[in-house]
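Chain by chain, the residues run as shown.
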Amino acid sequence: ESQRATWTAIEGGWNGPMPLRMLSLSTQQRQDLSAAKQRFNHALAEAETDQARSDAVSGWNGDVENTLTAEQNTVVAAYAQNCATASAHVAAAFQTVLPED
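The rules behind these values
- Residues numbered from 1 in each chain as written.
- Predicted model: local features only at pLDDT ≥ 70, side-chain atom pairs only at ≥ 80, totals over all residues.
- Heavy atoms only, no water.
- Helix = DSSP H or I, 4+ residues; strand = E, 2+ residues; numbered from the N terminus.
- Rg over C-alpha atoms; globule rule 2.2 N^0.38 Å.
- Buried < 20%, exposed > 50% of the residue type's maximum accessible area, 1.4 Å probe, protein only.
- Contact = heavy atoms within 4.5 Å.
- Areas by Shrake-Rupley, 256 points an atom, 1.4 Å probe, with all protein chains shown as cover.
- Lys, Arg positive; Asp, Glu negative; His and termini not counted.
- Charge placed at Lys NZ, Arg CZ, Asp CG, Glu CD.
- Polar contact = N/O pair within 3.5 Å; in protein donor to acceptor, adjacent residues only side chain to side chain.
- Patch = residues over 30% accessible without salt bridge, like charges linked within 9 Å, V, L, I, M, F, W, Y side chains within 5 Å.
- Salt bridge = Lys/Arg side-chain N within 4 Å of Asp/Glu carboxyl O.

Novice: In this structure, what is going on with the overall build of the protein chain? I would like to understand it.
Specialist: The helix and strand tally for the protein chain stands at four helices and zero strands. Along the protein chain, helices (α) and strands (β) appear in the sequence α-α-α-α when read from the amino end. Compactness check: the protein chain gives a C-alpha radius of gyration of 17 Å against a globular reference of 13 Å for 101 residues, more than 25% above the reference. A total of 101 residues make up the protein chain; the buried ones form 21% of that total. The contacts in the protein chain between residues at least 6 apart in sequence include a share of 53% that link residues at least 24 apart. When the accessible surface of the protein chain is totalled, it reaches about 7,300 Å², and 53% of it is carbon and sulfur. Charged side chains in the protein chain number 6 positive and 12 negative. The centres of these two groups are separated by 9 Å.

Novice: Could you clarify how one ought to interpret the side chain of Gln29 in this entry?
Specialist: As for its placement among the helices and strands, Gln29 is situated in helix α2 (residues 27-46). On the basis of relative accessibility, which here comes to 10%, the residue Gln29 falls in the buried class. Here the side chain of Gln29 touches Ser26 through a polar contact of 2.9 Å, landing on its backbone nitrogen. Within the local environment of Gln29, its side chain forms a polar contact with the side chain of Gln72, the two groups lying 2.7 Å apart. With residues up to four places along the chain from it excluded, the contact list for Gln29 reads Ser24, Thr67, Leu68, Thr69 and Gln72.

Novice: Teacher, can you tell me more about a nonpolar patch on the surface here?
Specialist: On the surface, Val90, Phe94, Val97 and Leu98 cluster together into a nonpolar patch covering about 420 Å² of accessible area. Among the structural elements, Val97 can be located in helix α4 (residues 70-97). Relative accessible area serves as the criterion here: at 62%, Val97 is assigned to the exposed category.

So far we have only geometry, and geometry alone does not tell us how the molecule works.
In structure tokens form, the structure reads like this:
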């Protein structure tokens, strides 16, 4: 049932990046995240150094964290952890199936 609810939120929710897309966001949160995404895109487009790009990412991450509730931030962190774990499993599977000579 939770997977169906998540899929419904993804299909009909805010058209932002994953995992934010799967959250049930208030109108204010959607507006705040849209504004933050515009600031991030602008900062990233103007960034000429690695430090400027890193600052843009840090700003985006801070805006997201400050906009979401504690529960929503927990969901985002769990999503990131799940992606990292899944990536490690895929890499291990490739290593098993296609070992380097």
